[in-house]
Amino acid sequence: MGGFNFGLPEALTKTATDIDGLFGMIFWITLVVFVLVEALLAIFLIRYRRKQPDKQGYAIHGSTKAEVIWTLIPALILVFIGVWSSGMVYTIQTPPADVYEIKVTGMKWSWEFEYPNGAKTYGELHIPNDRNVMFKITSKDVIHSFWVPEFRIKQDAVPGRVTSFYVNVGDLAKAGSEYKERIICAEYCGNNHSKMLANLYIDDGKQFDSWVETEKTRKKTDGPSVIQANGCTSCHTIDGSKSAGPTWKGLAGNDRKLANGQTVKADDEYLKESITNPNAKIAEGFQPGMMPAFQLDDESLKNVVEYIKGLK
Ligand code: CUA
């Protein structure tokens, strides 16, 4: 396609460009039909309007010729669109033999990406621009949908099943490009569905290989990674809703009622203690012994606390 692309986001793959081509073709066909129908309607309204109050129009019954024409032309248009689309579906669903596989796992409410060497990232996906990348998609809990508008493909992430699609960004995407929050969950999956976003990074092949090697051994001490790796959000929500443990929303800095009737301030010390020694102070309405003590290094602990403090 040339310059005009209906205001669609950038197309990062050849497939995306082809899908845009199909979209454009269907758009132009429907536009022509629409204009034709509306123009004829206007012309006939004026030309064949009743000119004298007592004059009746002719009643025409049946015309095989007209009926064949107005059935055949739309049918041919639909067959044309159908053949074109099926060809595209076939291309999308037939991966090339040599693919680089990345496992994509959706969970309430984030994305985990696992690379062939075992490296895992949360909230960010890197892909190399010099090979076919196959996404193997699943879910830990409910149905999510893995969507990158720039790929023009959405694929459901279903628990207990693996779905997939592949991309090849080739030379359509510049190495080093970043697409912030362009990995989107497209299937309503609960309160934080709209925040189930991740960043996409396009790396050149060499850059990617060294990145994924470092990533394998890098200690993941940032808040979201520590939280994902320790499964915190299976009991603690970040949106104020009720779960097995107290929600984190609006927790930090506020007064906290405890099960023993006391009230404490949820400052950094309280938050740290609640992670490393969760039975020391039990929040009102919860039971002791529910949460295991987590041994986190100082950096991880600090980052988790900072993360919780961000949930106003
Ligand atoms: Cu996950 Cu919506």
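See above for the structure.
All residue numbers refer to position in the chain's written sequence, counted from 1. In view of the model being predicted, local features appear only for residues whose pLDDT reaches at least 70, and side-chain atom pairs are presented and counted only at 80 or more, with totals across whole chains, interfaces and linings using the full set of residues. In computing side-chain properties, one takes all heavy atoms of the structure into account and sets aside hydrogens as well as water.

Colleague: Mind laying out the environment of Asp171, listing which residues take part and the relevant values?
Modeller: A run of H or I in DSSP counts as a helix once it spans at least four residues, and a run of E counts as a strand once it spans at least two, with each numbered from the N terminus. For Asp171, the position within the fold is in the loop between strand E8 (163-167) and strand E9 (178-185). Each C-alpha atom of the pair Asp171 and Arg131 lies 11 Å from the other, and the pair is 40 residues apart in sequence.

Colleague: Tell me about the pairing of E9, and name the residues and values.
Modeller: Bridge count for strand E6 (residues 144-148) against E9 is 2 bridges, and the pairing is antiparallel. Bridge pairing in E9 places Phe146 opposite Cys185. For E9 and strand E10 (residues 197-203), the ladder comprises 4 bridges, and the chain directions are antiparallel. Within E10, the position partnered with Ile183 by the bridge is Ala198. At least two DSSP bridges between two strands are required for those strands to pair.

Colleague: Give me the lowdown on the packing of helix H5 (residues 268-276) against helix H6 (residues 298-309), citing residues and values where you can.
Modeller: Orientation of H5 relative to H6, taken along the N-to-C sense of each, is 120°, at an axis distance of 10 Å. Here H5 is positioned oblique relative to H6, judged by the angle of their axes. Considering only the axes of H5 and H6, their crossing is right-handed. From H5, Asp268, Leu271, Lys272, Ile275 and Thr276 reach across to H6, where they touch Leu301, Val304, Val305, Glu306, Ile308 and Lys309. Under the grouping applied here, Gly and all other residues not named as nonpolar or charged are polar, the nonpolar ones being Ala, Val, Leu, Ile, Met, Phe, Trp, Tyr, Cys and Pro and the charged ones Asp, Glu, Lys and Arg. Its residues placed into classes, the contact of H5 with H6 shows 6 nonpolar, 1 polar and 4 charged. Lines fitted to C-alpha atoms define the axes here, with helix axes fitted over just the stretch in contact, and angles between the N-to-C directions of these axes take values from 0 to 180 degrees. These descriptions rest on fixed angle ranges, namely under 35 degrees for roughly parallel, over 145 for roughly antiparallel, 65 to 115 for roughly perpendicular, and the rest for oblique. Each crossing gets its handedness from the near helix: less than a right angle anticlockwise from the far helix is left-handed, clockwise is right-handed. Contact criterion: two residues are considered in contact whenever any of their non-hydrogen atoms come within 4.5 Å of each other.

Colleague: Residues and numbers for the packing of aromatic side chains, please.
Modeller: Aromatic ring pairs are reported here in terms of the distance separating the ring centres and the angle at which the planes meet. Any Phe, Tyr or Trp ring, taking Trp's six-membered ring, that has another such ring centre within 6.5 Å forms a pair; planes under 30 degrees apart are called stacked, those over 60 apart edge-to-face, and the others tilted. Tallied over the full model, the rule gives 18 aromatic pairs. On the basis of an interplanar angle of 90° and a centroid distance of 5.1 Å, the ring pair of Phe6 and Phe23 is categorised as edge-to-face. A residue pair is termed long-range when its members are at least 10 positions apart, and Phe6 in the segment before helix H1 (14-47) and Phe23 in helix H1 qualify at 17 residues. Owing to a relative accessible area of 22%, Phe6 belongs among the partly exposed residues under this scheme. One aromatic cluster in this structure is built from Trp111, Phe113, Phe135, Phe146, Phe151 and Phe165. One Lys or Arg, Arg131, reaches over the ring of Tyr100 and ends 5.3 Å from the middle of that ring. Distance and angle both matter: a charge sits over a ring if NZ of Lys or CZ of Arg is within 6 Å of the ring centre and within 35 degrees of the ring normal. In this arrangement the basic side chain of Lys154 is found over the ring face of Trp147, its NZ or CZ atom lying 4.7 Å from the centre. Relative accessibility under 20% of the residue-type maximum defines a buried residue, over 50% an exposed one, and the middle range a partly exposed one, all with a 1.4 Å probe and only protein chains included.

Colleague: Tell me what's going on with the layout of surface pockets, and back it up with residues and numbers.
Modeller: Here a cavity is any set of points on a 1 Å grid over the protein atoms alone where a 1.4 Å probe fits but cannot get out, and a pocket is any open set with protein on both sides within 12 Å along at least 5 of 7 lines; a residue lines the site when it has an atom within 4 Å of a point. Grid points are joined across faces, edges and corners, and a volume is the space filled by probe spheres set on the points. In this structure, the largest pocket encloses a volume near 560 Å³. Around the largest pocket, the lining is made up of 31 residues, and of these His236, Pro246, Ser274, Pro278 and Met291 lie nearest the centre. Those elements that provide at least two residues to the lining of the largest pocket are H5 and H6. Here the lining of the largest pocket takes 4 residues from H5, the largest share from any one element. When the residues that make up the lining of the largest pocket are grouped by side-chain class, the tally is 20 nonpolar, 9 polar and 2 charged. The computed volume of the second largest pocket comes to approximately 490 Å³. Counting only elements with at least two residues in the lining of the second largest pocket, the list comes to strand E2 (110-114), E10 and helix H4 (223-229).

Colleague: Tell me what's going on with the side chain of Asp203, and back it up with residues and numbers.
Modeller: Its location among the elements puts Asp203 in strand E10. As a buried residue without a salt bridge, Asp203 has its nearest oppositely charged side chain in Arg131, at a separation of 8.9 Å. In terms of polar contacts, Asp203 uses its side chain to reach the side chain of His126, at 2.8 Å. What Asp203 contacts, discounting residues up to four positions off in sequence, is His126, Ile127, Pro128, Asn129, Ala175, Gly176, Phe208 and Trp211. Charge assignment: positive for Lys and Arg, negative for Asp and Glu; neither His nor the chain ends contribute. Salt bridges are defined by distance alone: a side-chain nitrogen of Lys or Arg within 4 Å of a carboxyl oxygen of Asp or Glu. Any pair of nitrogen or oxygen atoms within 3.5 Å is treated as a polar contact; in protein, a donor-acceptor pairing is required on top of that, and neighbouring residues in sequence qualify only through side-chain atoms on both sides.

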